[in-house]
Amino acid sequence: MPSSAVPARRVTAAMVAERAGTSIATVSLVVNGKDRGRVSAPIAARVRDAVDELGYVVDHAASSLARGTGDLVVLIAPDLSNPFFAEVIRGVRDTLGDRYQLVLSVTERGAQPATSDLRRFERLRPAGILVDAPDAPTGAVAVDYDLTSGVAELVAHLRERGHERVAYLDGTARVATFGVRHRLFQEACAAAGITVSELGARADLTVDAAAAATEHALEAWHEDGVTAVVAAADTLAYGVLRVAAATGLRVPEDLAVAGFDDLPSSSVTAPALTSVALPGAELGRAAALRLLAAVDGTAAEPVALPTRLVRRASTGG
(Lines give C-alpha, C1' and ligand atoms only; values in the text may rest on other atoms or scores of the structure.)
Protein backbone atom coordinates (compact mmCIF):
# COMPACT_ATOMS: atom_id res chain seq x y z
CA MET A 1 0.00 0.00 0.00
CA PRO A 2 1.50 3.37 -0.96
CA SER A 3 1.99 5.85 1.85
CA SER A 4 3.26 9.36 2.31
CA ALA A 5 4.74 11.22 5.24
CA VAL A 6 3.01 14.40 6.35
CA PRO A 7 4.63 16.63 8.97
CA ALA A 8 2.58 16.66 12.16
CA ARG A 9 0.84 19.96 12.81
CA ARG A 10 1.22 21.31 16.34
CA VAL A 11 -2.21 21.89 17.79
CA THR A 12 -2.43 25.06 19.88
CA ALA A 13 -4.85 26.31 22.52
CA ALA A 14 -5.96 28.95 20.02
CA MET A 15 -7.06 26.22 17.60
CA VAL A 16 -9.02 24.49 20.37
CA ALA A 17 -10.65 27.80 21.33
CA GLU A 18 -11.64 28.45 17.71
CA ARG A 19 -13.13 24.95 17.33
CA ALA A 20 -15.03 25.23 20.64
CA GLY A 21 -16.16 28.81 19.99
CA THR A 22 -14.66 30.17 23.19
CA SER A 23 -11.59 31.99 24.49
CA ILE A 24 -8.05 30.70 25.01
CA ALA A 25 -8.38 31.51 28.73
CA THR A 26 -11.41 29.24 28.97
CA VAL A 27 -9.53 26.45 27.20
CA SER A 28 -6.69 26.84 29.70
CA LEU A 29 -9.08 26.52 32.65
CA VAL A 30 -10.67 23.37 31.26
CA VAL A 31 -7.54 21.49 30.18
CA ASN A 32 -5.85 22.27 33.50
CA GLY A 33 -8.81 21.03 35.52
CA LYS A 34 -9.64 24.44 36.97
CA ASP A 35 -13.02 24.99 35.31
CA ARG A 36 -15.22 23.89 38.19
CA GLY A 37 -17.46 26.82 39.19
CA ARG A 38 -15.80 29.03 36.57
CA VAL A 39 -16.91 27.55 33.23
CA SER A 40 -20.40 26.31 32.44
CA ALA A 41 -20.82 22.58 31.84
CA PRO A 42 -21.90 22.93 28.17
CA ILE A 43 -18.89 25.12 27.30
CA ALA A 44 -16.50 22.83 29.19
CA ALA A 45 -17.92 19.88 27.24
CA ARG A 46 -17.37 21.72 23.93
CA VAL A 47 -13.75 22.40 24.89
CA ARG A 48 -13.12 18.76 25.81
CA ASP A 49 -14.70 17.62 22.54
CA ALA A 50 -12.43 20.01 20.61
CA VAL A 51 -9.40 18.75 22.53
CA ASP A 52 -10.27 15.15 21.58
CA GLU A 53 -11.00 15.99 17.96
CA LEU A 54 -7.79 17.98 17.43
CA GLY A 55 -5.54 15.84 19.62
CA TYR A 56 -4.44 18.78 21.72
CA VAL A 57 -1.74 18.12 24.35
CA VAL A 58 -0.94 20.62 27.09
CA ASP A 59 2.64 21.94 26.85
CA HIS A 60 3.53 21.86 30.56
CA ALA A 61 6.94 23.43 30.02
CA ALA A 62 5.49 26.41 28.16
CA SER A 63 2.71 26.79 30.71
CA SER A 64 5.23 26.73 33.53
CA LEU A 65 7.32 29.45 31.93
CA ALA A 66 4.26 31.63 31.47
CA ARG A 67 3.08 31.23 35.05
CA GLY A 68 6.51 31.07 36.73
CA THR A 69 5.63 27.66 38.18
CA GLY A 70 4.04 24.48 36.90
CA ASP A 71 1.12 22.26 37.73
CA LEU A 72 3.35 19.20 38.07
CA VAL A 73 4.55 17.48 41.23
CA VAL A 74 7.48 15.09 40.77
CA LEU A 75 8.08 12.05 42.97
CA ILE A 76 11.64 10.68 42.72
CA ALA A 77 12.43 7.31 44.31
CA PRO A 78 15.10 4.61 44.05
CA ASP A 79 12.71 1.76 43.25
CA LEU A 80 9.12 2.39 42.18
CA SER A 81 8.66 -1.35 41.54
CA ASN A 82 8.70 -1.99 45.28
CA PRO A 83 5.08 -2.67 46.40
CA PHE A 84 5.61 -0.25 49.28
CA PHE A 85 5.78 2.66 46.84
CA ALA A 86 2.36 1.83 45.42
CA GLU A 87 0.95 2.82 48.81
CA VAL A 88 3.11 5.96 48.99
CA ILE A 89 1.97 6.99 45.50
CA ARG A 90 -1.67 6.41 46.44
CA GLY A 91 -1.31 8.65 49.49
CA VAL A 92 0.32 11.41 47.44
CA ARG A 93 -2.19 11.17 44.60
CA ASP A 94 -5.24 11.19 46.91
CA THR A 95 -3.93 14.26 48.73
CA LEU A 96 -3.00 16.27 45.64
CA GLY A 97 -6.37 15.54 44.06
CA ASP A 98 -6.88 17.36 40.76
CA ARG A 99 -4.82 20.37 41.80
CA TYR A 100 -1.56 18.93 40.40
CA GLN A 101 -0.44 16.23 38.02
CA LEU A 102 1.88 13.65 39.63
CA VAL A 103 4.98 12.58 37.66
CA LEU A 104 6.99 9.55 38.79
CA SER A 105 10.73 9.15 38.29
CA VAL A 106 12.99 6.26 39.29
CA THR A 107 16.73 6.59 39.82
CA GLU A 108 19.40 4.11 38.83
CA ARG A 109 18.55 0.80 40.49
CA GLY A 110 19.20 0.97 44.22
CA ALA A 111 20.69 4.47 44.14
CA GLN A 112 19.37 7.15 46.45
CA PRO A 113 18.08 10.27 44.67
CA ALA A 114 20.81 12.89 44.31
CA THR A 115 20.89 16.61 43.57
CA SER A 116 21.46 15.83 39.90
CA ASP A 117 18.15 13.95 39.77
CA LEU A 118 16.33 17.05 41.02
CA ARG A 119 18.02 19.30 38.48
CA ARG A 120 16.68 17.24 35.59
CA PHE A 121 13.21 18.55 36.36
CA GLU A 122 14.10 22.20 36.88
CA ARG A 123 13.32 23.16 33.28
CA LEU A 124 9.72 22.04 33.86
CA ARG A 125 9.43 24.38 36.85
CA PRO A 126 7.27 21.94 38.84
CA ALA A 127 5.19 23.11 41.77
CA GLY A 128 7.28 20.83 43.95
CA ILE A 129 9.44 17.72 44.11
CA LEU A 130 9.02 14.85 46.56
CA VAL A 131 12.21 12.86 47.12
CA ASP A 132 12.36 9.47 48.78
CA ALA A 133 15.53 8.97 50.87
CA PRO A 134 17.76 11.65 49.32
CA ASP A 135 21.51 10.98 49.45
CA ALA A 136 22.19 14.28 51.25
CA PRO A 137 20.20 16.84 53.27
CA THR A 138 18.25 19.14 50.99
CA GLY A 139 17.00 21.69 53.51
CA ALA A 140 13.44 20.67 52.69
CA VAL A 141 10.80 19.68 55.22
CA ALA A 142 11.25 15.99 56.04
CA VAL A 143 8.65 13.30 56.62
CA ASP A 144 9.98 10.10 58.15
CA TYR A 145 9.14 7.17 60.41
CA ASP A 146 9.89 6.86 64.10
CA LEU A 147 11.14 3.28 63.95
CA THR A 148 12.06 3.09 67.62
CA SER A 149 8.65 1.97 68.89
CA GLY A 150 8.09 -0.64 66.18
CA VAL A 151 11.57 -2.15 66.60
CA ALA A 152 11.16 -2.23 70.38
CA GLU A 153 7.88 -4.12 70.02
CA LEU A 154 9.48 -6.60 67.61
CA VAL A 155 12.42 -7.37 69.91
CA ALA A 156 10.17 -7.66 72.98
CA HIS A 157 7.96 -10.07 71.04
CA LEU A 158 10.95 -12.23 70.05
CA ARG A 159 12.11 -12.26 73.65
CA GLU A 160 8.67 -13.30 74.87
CA ARG A 161 8.77 -16.19 72.40
CA GLY A 162 12.03 -17.40 73.89
CA HIS A 163 14.45 -16.41 71.12
CA GLU A 164 17.97 -15.77 72.38
CA ARG A 165 19.93 -15.86 69.13
CA VAL A 166 18.66 -14.34 65.89
CA ALA A 167 19.99 -13.59 62.40
CA TYR A 168 19.44 -10.48 60.30
CA LEU A 169 18.90 -10.49 56.52
CA ASP A 170 19.80 -7.02 55.27
CA GLY A 171 19.15 -5.32 51.92
CA THR A 172 21.91 -4.36 49.51
CA ALA A 173 20.13 -1.23 48.26
CA ARG A 174 21.97 1.98 49.09
CA VAL A 175 19.06 3.38 51.06
CA ALA A 176 19.62 4.99 54.45
CA THR A 177 16.54 3.46 56.05
CA PHE A 178 18.04 -0.03 55.85
CA GLY A 179 20.99 1.13 57.91
CA VAL A 180 18.67 2.71 60.49
CA ARG A 181 16.55 -0.46 60.76
CA HIS A 182 19.62 -2.66 61.26
CA ARG A 183 21.19 -0.36 63.84
CA LEU A 184 18.03 0.06 65.90
CA PHE A 185 17.40 -3.69 65.82
CA GLN A 186 20.91 -4.48 67.05
CA GLU A 187 20.66 -1.89 69.82
CA ALA A 188 17.27 -3.17 70.98
CA CYS A 189 18.47 -6.79 70.94
CA ALA A 190 21.54 -5.89 73.01
CA ALA A 191 19.32 -4.17 75.57
CA ALA A 192 16.99 -7.18 75.72
CA GLY A 193 19.77 -9.76 76.03
CA ILE A 194 19.28 -11.22 72.55
CA THR A 195 22.38 -12.05 70.48
CA VAL A 196 22.37 -11.06 66.83
CA SER A 197 24.46 -13.61 64.93
CA GLU A 198 27.56 -12.31 63.21
CA LEU A 199 26.60 -14.60 60.32
CA GLY A 200 24.38 -12.03 58.68
CA ALA A 201 23.34 -12.01 55.04
CA ARG A 202 22.44 -9.42 52.39
CA ALA A 203 20.32 -9.55 49.27
CA ASP A 204 18.81 -7.37 46.57
CA LEU A 205 15.21 -6.45 47.24
CA THR A 206 13.62 -9.38 45.40
CA VAL A 207 12.19 -12.68 46.62
CA ASP A 208 14.58 -14.67 44.41
CA ALA A 209 17.66 -12.86 45.71
CA ALA A 210 16.51 -13.24 49.30
CA ALA A 211 15.87 -16.95 48.79
CA ALA A 212 19.35 -17.43 47.33
CA ALA A 213 20.97 -15.59 50.26
CA THR A 214 18.94 -17.66 52.72
CA GLU A 215 19.91 -20.95 51.06
CA HIS A 216 23.56 -19.93 51.32
CA ALA A 217 23.33 -18.96 55.01
CA LEU A 218 20.76 -21.40 56.39
CA GLU A 219 23.09 -24.21 57.46
CA ALA A 220 25.48 -21.79 59.14
CA TRP A 221 22.59 -20.11 60.95
CA HIS A 222 21.41 -23.51 62.21
CA GLU A 223 24.89 -24.43 63.46
CA ASP A 224 25.13 -21.01 65.16
CA GLY A 225 21.94 -21.67 67.11
CA VAL A 226 19.76 -19.13 65.30
CA THR A 227 16.04 -19.63 65.97
CA ALA A 228 14.64 -16.53 64.26
CA VAL A 229 15.44 -14.44 61.18
CA VAL A 230 14.49 -10.79 60.88
CA ALA A 231 14.59 -9.33 57.37
CA ALA A 232 15.06 -5.64 56.58
CA ALA A 233 11.95 -5.72 54.35
CA ASP A 234 8.96 -7.99 53.88
CA THR A 235 10.06 -8.80 50.33
CA LEU A 236 13.27 -10.28 51.77
CA ALA A 237 11.30 -12.18 54.41
CA TYR A 238 9.24 -13.82 51.66
CA GLY A 239 12.47 -15.36 50.35
CA VAL A 240 13.18 -16.81 53.81
CA LEU A 241 9.66 -18.29 53.96
CA ARG A 242 10.14 -19.84 50.51
CA VAL A 243 13.36 -21.59 51.53
CA ALA A 244 11.86 -22.75 54.83
CA ALA A 245 8.98 -24.37 52.99
CA ALA A 246 11.28 -25.97 50.41
CA THR A 247 13.58 -27.46 53.06
CA GLY A 248 10.85 -28.70 55.37
CA LEU A 249 11.49 -26.18 58.15
CA ARG A 250 8.39 -25.42 60.19
CA VAL A 251 7.67 -21.73 60.72
CA PRO A 252 7.68 -20.65 63.50
CA GLU A 253 8.43 -23.92 65.35
CA ASP A 254 11.85 -24.47 63.73
CA LEU A 255 12.52 -20.93 62.53
CA ALA A 256 10.59 -17.74 63.24
CA VAL A 257 10.55 -15.05 60.53
CA ALA A 258 9.72 -11.33 60.67
CA GLY A 259 10.14 -8.30 58.41
CA PHE A 260 9.59 -4.57 57.94
CA ASP A 261 6.94 -2.70 55.88
CA ASP A 262 3.80 -4.79 56.47
CA LEU A 263 3.02 -5.04 52.76
CA PRO A 264 -0.52 -6.16 51.82
CA SER A 265 0.83 -9.59 50.79
CA SER A 266 2.22 -10.20 54.28
CA SER A 267 -1.21 -11.08 55.65
CA VAL A 268 -1.67 -13.90 53.11
CA THR A 269 1.76 -15.58 53.04
CA ALA A 270 2.05 -19.10 54.41
CA PRO A 271 2.30 -18.55 57.29
CA ALA A 272 1.24 -14.92 57.55
CA LEU A 273 4.24 -12.69 58.22
CA THR A 274 4.92 -10.74 61.40
CA SER A 275 6.09 -7.27 60.37
CA VAL A 276 6.86 -3.77 61.63
CA ALA A 277 4.17 -1.71 59.90
CA LEU A 278 5.42 1.31 57.96
CA PRO A 279 2.23 2.91 56.58
CA GLY A 280 3.14 3.93 53.02
CA ALA A 281 -0.13 5.72 52.25
CA GLU A 282 0.20 7.81 55.42
CA LEU A 283 3.76 8.72 54.44
CA GLY A 284 2.56 9.83 51.01
CA ARG A 285 -0.29 11.87 52.48
CA ALA A 286 1.98 13.57 55.02
CA ALA A 287 4.56 14.42 52.36
CA ALA A 288 1.94 15.82 49.99
CA LEU A 289 0.33 17.91 52.73
CA ARG A 290 3.68 19.46 53.57
CA LEU A 291 4.40 20.16 49.93
CA LEU A 292 1.03 21.91 49.59
CA ALA A 293 1.77 23.91 52.73
CA ALA A 294 5.08 25.03 51.24
CA VAL A 295 3.41 26.03 47.96
CA ASP A 296 0.76 28.00 49.85
CA GLY A 297 3.36 29.67 52.05
CA THR A 298 2.21 28.16 55.34
CA ALA A 299 4.38 26.62 58.05
CA ALA A 300 5.27 22.92 57.97
CA GLU A 301 7.32 21.14 60.62
CA PRO A 302 9.29 17.88 60.22
CA VAL A 303 7.13 14.84 60.90
CA ALA A 304 7.98 11.39 62.30
CA LEU A 305 5.16 8.89 61.74
CA PRO A 306 4.69 6.20 64.41
CA THR A 307 5.34 2.53 63.67
CA ARG A 308 3.97 -0.60 65.27
CA LEU A 309 4.42 -4.36 65.20
CA VAL A 310 1.80 -6.53 63.50
CA ARG A 311 2.05 -9.98 65.11
CA ARG A 312 1.20 -12.92 62.87
CA ALA A 313 1.77 -16.67 62.64
CA SER A 314 5.36 -16.54 61.34
CA THR A 315 6.55 -15.78 64.88
CA GLY A 316 3.73 -17.54 66.68
CA GLY A 317 2.03 -14.19 67.13
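The structure presented is a predicted model; accordingly, all values stated were derived computationally and were not measured.

**Here we look at the overall build of the protein chain**
Part 1: The number of helices and strands found in the protein chain is eleven helices and twelve strands.
Part 2: For the protein chain, buried positions account for 44% of its 317 residues.
Part 3: Taking the contacts inside the protein chain whose residues are at least 6 apart along the sequence as the reference set, 76% of them involve residues at least 24 apart.
Part 4: Carbon and sulfur atoms form 53% of the exposed surface of the protein chain, whose accessible area is close to 16200 Å².

**Some words on the environment of Ala-281**
Part 1: Tracing the sequence through the fold places Ala-281 in helix H11 (residues 280-295).
Part 2: The sequence separation of Ala-281 and Ile-89 amounts to 192 residues, and the corresponding C-alpha distance is 7.2 Å.
Part 3: Dropping the residues within four chain positions of it, Ala-281 is found in contact with Glu-87, Val-88, Arg-90 and Gly-91.

**Details of the packing of helix H1 (residues 13-20) against helix H3 (residues 41-54)**
Part 1: Where H1 meets H3, the axes come as close as 9 Å, and the angle between the chain directions of the two elements is 125 degrees. Taken together, the axis directions place H1 and H3 in an arrangement best described as oblique. As H1 runs across H3, the sense of the crossing is right-handed. On H3, the residues that touch Met-15, Val-16, Arg-19 and Ala-20 of H1 are Arg-46, Val-47, Ala-50, Val-51, Glu-53 and Leu-54.
Part 2: Considered class by class, the residues forming the contact of H1 with H3 number seven nonpolar, no polar and three charged.

**A few points about the side chain of Ser-266**
Part 1: Along the polypeptide, Ser-266 turns up in the loop between strand E9 (256-261) and strand E10 (274-277).
Part 2: Look at Ser-266 and you get buried, because its relative accessible area is 0%.
Part 3: At a separation of 2.7 Å, a polar atom in the side chain of Ser-266 contacts the side chain of Tyr-238.
Part 4: Excluding its chain neighbours within four sequence positions, the residues that come into contact with Ser-266 are Asp-234, Tyr-238, Ala-272, Leu-273 and Arg-312.

**A few points about the confidence of the model for the protein chain**
Part 1: In the predicted model, the protein chain carries a mean pLDDT of 85, and 84% of its residues have values of at least 70.
Part 2: Confidence drops under pLDDT 50 across residues 1-8; counting only partners more than four residues distant or on other chains, this segment forms zero contacts.
Part 3: Counting contacts from residues 64-68, a segment whose pLDDT is below 50, to residues more than four positions away or on other chains yields six contacts.

**Concerning the nonpolar core**
Part 1: Formed by 71 residues in total, the largest nonpolar core has its most connected members in Leu-154, Leu-169 and Phe-185.
Part 2: When residues of this core are assigned to their parent elements, the largest contribution, seven residues, is made by helix H10 (residues 234-247).
Part 3: With residues up to four places along the chain from it excluded, the contact list for Phe-185 reads Val-151, Leu-154, Val-155, Leu-158, Val-166, Tyr-168, Val-196 and Val-230.
Part 4: If you look at the next biggest cluster of nonpolar residues, it comprises 15 residues, including Ala-13, Ala-17, Ala-20 and Val-47.

**A short note on H11**
Part 1: For H11, which comprises 16 residues, the first-to-last C-alpha distance of 23 Å matches the rise-based estimate of 22 Å (1.5 Å per residue) to within 8%.
Part 2: Among the residues of H11, Gly-280, Ala-281, Leu-283, Gly-284, Ala-286, Ala-287, Ala-288, Leu-291, Leu-292 and Ala-293 are the ones counted as buried.
Part 3: Residues of H11 that are buried sit in contact with strand E1 (72-77), helix H5 (83-96), strand E3 (128-131), strand E4 (143-146) and strand E11 (303-306).
Part 4: At the C-terminal side of H11, Gly-297 shows a positive phi close to 80 degrees.

About the cut-offs
- Residues numbered from 1 in each chain as written.
- Predicted model: local features only at pLDDT ≥ 70, side-chain atom pairs only at ≥ 80, totals over all residues.
- Heavy atoms only, no water.
- Helix = DSSP H or I, 4+ residues; strand = E, 2+ residues; numbered from the N terminus.
- Buried < 20%, exposed > 50% of the residue type's maximum accessible area, 1.4 Å probe, protein only.
- Contact = heavy atoms within 4.5 Å.
- Areas by Shrake-Rupley, 256 points an atom, 1.4 Å probe, with all protein chains shown as cover.
- Axes fitted to C-alpha atoms, helices over the stretch in contact; angles between N-to-C directions.
- Parallel < 35°, antiparallel > 145°, perpendicular 65-115°, else oblique.
- Left-handed = near helix turned anticlockwise from the far one by under 90°.
- Nonpolar A, V, L, I, M, F, W, Y, C, P; charged D, E, K, R; others polar.
- Polar contact = N/O pair within 3.5 Å; in protein donor to acceptor, adjacent residues only side chain to side chain.
- pLDDT = per-residue confidence, 0-100.
- Core = buried A, V, L, I, M, F, W, Y, C linked by side-chain atoms within 4.5 Å.
- Expected span 1.5 Å × (residues − 1).

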